[in-house]
Each structure stands twice: as structure tokens, then as C-alpha cells.
Amino acid sequence: MKAAARAFWLRSPGEGEIREVTLPAPREDEVLVRSLYSGVSRGTETLVFRGGVPESQYATMRAPFQEGDFPGPVKYGYLSVGVVEEGPSAVKGRTVFCLYPHQTRYVVPASAVTVVPDDVPAERAVLAGTVETAVNALWDAAPLIGDRIAVVGGGMVGSSVAALLARFPGVRVQLVDADPARAKTAEALGVGFASPADALGDCDLVVHASATEQGLARSLELLSAEGTVLELSWYGDRKVALPLGEAFHSRRLVIRSSQVGTVSPARGNRSYGDRLALALKLLADPALDALITGESAFEELPEVMPKLTSGEIPALCHLVRYGRAPDLRKE
């Protein structure tokens, strides 16, 4: 018995389509998942959609269950939440998160899904991949009690980092963004907000997530002597100039990269599964609902993705909902 499903594909840069796919029957160690929701990460996914992945990064940028190749045709995505319809008894009937593209049903190894805690709504669980990025960043940054911290860039990743930092005792956290509308997000997350010109300086740590040259330059300006910029932005095929003259060396500033593709060496005793499970646990906080700023049906993705990429639809995480599809089984 095989099941039919539909998947969103990038046909070519800037053009998406929905394709019919036929799924294999799940083996003993696999699960069949029916999608409830998926999320569009406006940073990485829209960069992929516009064809902005440089050829040198094609292998690095592959998603776990990607099909096709950059720049297209390619099936790409990694924020999926669904219900296990078939599989081992430990997960059958459970709501799970998986790093899978936008597709109505899919078959993956049982080890590739993580059960969503009962106190985390399925809609909010699509944020797990981004909160996992934030967890890894803070493992890399290792903030201390009483630190003065700015998060420059109030997008999906930056806001997730700010939300977790709001839980640290005695820490001064300010979300910095050129868009004044991000002030509402900051308020919902329980952190301060400022425009780049008005941001508080003398920071021990600045987490940069604006993916702009100007944001990175401002991040360096906000540091105290011997402070660190943790760079979370990925610029794709764009070149970035750094202001490494003036007082950069005399102030002994540090720029450090962080990327979710590997577990932070600071937590070398943790696995990818440990990190994702922690991210899902943290999503019990309803304040994180502020990161979901739009919603559309799966069938609308070919029209919605270009608008998300251009900014016509402003979004942090855009929620994709799936109707309860009929059982389309066929021999």
C-alpha cells in the first residue's frame, strides 16, 4: 500500500509549485506523518527561494530531507509538525516535530521525529528549529549573570535569542531593529527595544542577526572593550565589508561565528536530539507566539513565497496550515 501526498517545490529561483508525490509504505523502523503545520523561516528559506545560495555552499546548505539541488528544482524546508499515523507504538498518534520540507504527508525514520511536549501547541512547535538555533547560539556565547547584551536584528532568529536571554537573571537585554514595529515583538518577549541609533552601548555581548552590513558595523560600535559580537547572520552570496580599522584592535574586540549545523563545542556532551528536545521544552512559554506573524494554507505557498521573499508580506515565522486530507491510499 502506498500513500499519495503533495509537496511544495522551488521549480526555479522565484517560482514555486505544488507537486504530487507517492510515498512508500513505512518500514518497521519508519513513521508516516500527516502534516498539521509547517513554518517558513523568512531568512534562510527566502534566500533559497530567490536563488541566493552560493555554489560553494550547496553541500553545507542541504536540509536533512531535501530533494533536488540548488538553485532548483529543489524541495526545501525544515520546520514541520504533524501526527504520526503509522509507526512504532511509542510515537503512533503523537504530535511530532521533524526537519522536513513543506509536504502534506511524509515517511521518515522514527529517529528523525521528536515528540512535542503536551504543553506545547502544535502551531507553536514549528518554532523548534529556530529556538534550537538560539539555544546553540547561547551555548556558544555563554552569557553571564549581569551581562549587558544587545541583539541586533529582530527577525525570527534574533527574537528567539532575545526571548531566551530574557530568562537570564540580572541581564540587560535590548532588541535592536530599524523597524519600529519590532517594538511590539520585544514587549511581548519581555525585553527592551531600541532603534540602531538609540541602542544602549557598553555591551559585553552583541548577538548580530540582521544579515546586513550596517547591522554588523553597529554591533561592533555597541561593544565595550574586549566585548564579543556573536554573528548569526548568513549572507549567502553577498559580500560584507567590516570596519576593522579605528579602535577595533586597540579595544580587543571579538567577532565569533555560530551555526546550528553543529552542536556547540561548549556542550560537546549533548547530541542534536538533546538540543532539539530542549528547544521544544522551552516552547511551553506562550510569549513565543509573538514570533508567528502570518498564516496561509499549504495550497497558497506558490503565491505566498514570492511575497514573503520580497517583503510584501512582512513576517518573522509564517505559519503554513494543512487541512485534514482524506486518506488517499492506493495500491
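Bear in mind that the values here come from a model prediction, so they are computed numbers and not experimental data.

1. Quick notes on the overall build of the protein
Counting secondary structure elements, the protein contains 8 helices and 18 strands. A compact globule built from 331 residues would reach a C-alpha radius of gyration of about 20 Å, and the protein, at 20 Å, matches this within 12%. Evaluated residue by residue, the protein yields a buried proportion of 49% over its 331 residues. The long-range share in the protein, meaning contacts at least 24 apart out of those at least 6 apart in sequence, stands at 67%. Surface summary for the protein: the accessible area is close to 14800 Å², and the carbon and sulfur share equals 51%. In the protein, 34 positive and 40 negative side-chain charges are present, and the distance between their average locations comes to 2 Å.

2. Re helix α3 (residues 128–141)
Every α-helix winds through 3.6 residues per turn, so residues three or four apart in the chain are directed the same way. Between its first and last C-alpha, α3 extends 20 Å over 14 residues, near the 20 Å set by a 1.5 Å rise per residue. Counting buried residues in α3 gives 13 out of 14 residues, a clear majority hidden from the surface. Just past α3, the residue Ala142 takes up positive phi, approximately 50°.

3. A closer look at the packing of aromatic side chains
Applying the stated rule across the entire model yields 6 aromatic pairs. For the ring pair Phe65 and Tyr100, a centre distance of 5.3 Å and an interplane angle of 35° mean the geometry is tilted. With a gap of 35 residues between them, Phe65 in the loop between α1 (44–49) and β4 (67–68) and Tyr100 in the loop between β7 (95–98) and β8 (105–109) connect regions that are remote in the sequence. Judged by relative accessible area, Tyr100 falls into the buried class, the value being 7%. Both rings, one in Phe298 and one in Tyr322, keep their centres 5.1 Å apart while their planes meet at 25°; by these two values the pair is stacked. In this pair, Phe298 sits in the loop between β16 (292–297) and α8 (301–310) while Tyr322 sits in the loop between β17 (317–321) and β18 (329–330), placing the two residues 24 residues apart along the sequence.

4. Regarding the sheet that holds strand β14 (residues 223–231)
The parallel open sheet is built from 6 strands, whose spatial order is β12-β11-β10-β13-β14-β15. Every interior strand has two partners, whereas the edge strands, β12 (192–194) and β15 (254–257), have only one. The mean angle between the axes of side-by-side strands here comes to 25°, regardless of whether they run parallel or antiparallel. Looking at chain direction, strand β13 (residues 203–208) and β14 are connected through 5 bridges and run parallel. Paired with His208 across the strands is Glu231, a residue of β14. Docked against the sheet, helix α6 (residues 213–221) engages β10 (148–152), β13, β14 and β15, running at close to 150° with respect to β14.

5. Things to note about the nonpolar core
With 70 residues, the main nonpolar core has Tyr76, Phe97, Leu127, Val131, Val161, Leu280 and Leu283 as its most contacted residues. Looking at which element gives the most residues to this core, the answer is α3, with 7 residues. Other than its neighbours up to four places away in sequence, Leu280 contacts Phe97, Thr114, Val115, Val116, Pro117, Val120, Ala125 and Ala128. Core analysis: the second largest hydrophobic core is formed by 15 residues, Val206, Leu216, Val229 and Tyr235 among them.

6. Some points on the environment of Ser89
Mapped onto the secondary structure, Ser89 falls in the loop between β6 (80–86) and β7. In this structure the C-alpha to C-alpha distance between Ser89 and Leu36, which are 53 residues apart in sequence, comes to 20 Å.

7. Some thoughts on the packing of α3 against helix α7 (residues 272–282)
α7 packs onto α3 with a crossing angle of 110° between their chain directions and a minimal axis gap of 8 Å. One finds that α3 runs roughly perpendicular with respect to α7. When you trace α3 past α7, the crossing you get is right-handed. Here Ala128, Val131, Glu132, Val135, Asn136 and Trp139 of α3 come into contact with α7, specifically with Tyr272, Arg275, Leu276, Leu278, Ala279, Leu280 and Leu282. Grouping the constituent residues of the contact of α3 with α7 by class yields 10 nonpolar, 1 polar and 2 charged.

8. Here we look at a nonpolar patch on the surface
Residues Val240, Leu242, Leu244 and Ile255 make up a contiguous nonpolar surface patch of roughly 270 Å² in combined accessible area. Accessibility expressed as a relative area gives 32% for Ile255, which makes it partly exposed.

9. Structural notes on the confidence of the model for the protein
Scored by pLDDT, the protein comes out at a mean of 93, with 97% of its residues at no less than 70. Here residues 325–331 is modelled with pLDDT under 50, and outside its nearest four sequence neighbours on either side it reaches 16 contacts, counting other chains as well.

Reading guide: rules and limits
Residues numbered from 1 in each chain as written. Predicted model: local features only at pLDDT ≥ 70, side-chain atom pairs only at ≥ 80, totals over all residues. Heavy atoms only, no water. Helix = DSSP H or I, 4+ residues; strand = E, 2+ residues; numbered from the N terminus. Rg over C-alpha atoms; globule rule 2.2 N^0.38 Å. Buried < 20%, exposed > 50% of the residue type's maximum accessible area, 1.4 Å probe, protein only. Contact = heavy atoms within 4.5 Å. Areas by Shrake-Rupley, 256 points an atom, 1.4 Å probe, with all protein chains shown as cover. Lys, Arg positive; Asp, Glu negative; His and termini not counted. Charge placed at Lys NZ, Arg CZ, Asp CG, Glu CD. Expected span 1.5 Å × (residues − 1). Phe/Tyr/Trp six-rings, centres within 6.5 Å; stacked < 30°, edge-to-face > 60°. Pairing = 2+ DSSP bridges. Axes fitted to C-alpha atoms, helices over the stretch in contact; angles between N-to-C directions. Core = buried A, V, L, I, M, F, W, Y, C linked by side-chain atoms within 4.5 Å. Parallel < 35°, antiparallel > 145°, perpendicular 65-115°, else oblique. Left-handed = near helix turned anticlockwise from the far one by under 90°. Nonpolar A, V, L, I, M, F, W, Y, C, P; charged D, E, K, R; others polar. Patch = residues over 30% accessible without salt bridge, like charges linked within 9 Å, V, L, I, M, F, W, Y side chains within 5 Å. Salt bridge = Lys/Arg side-chain N within 4 Å of Asp/Glu carboxyl O. pLDDT = per-residue confidence, 0-100.

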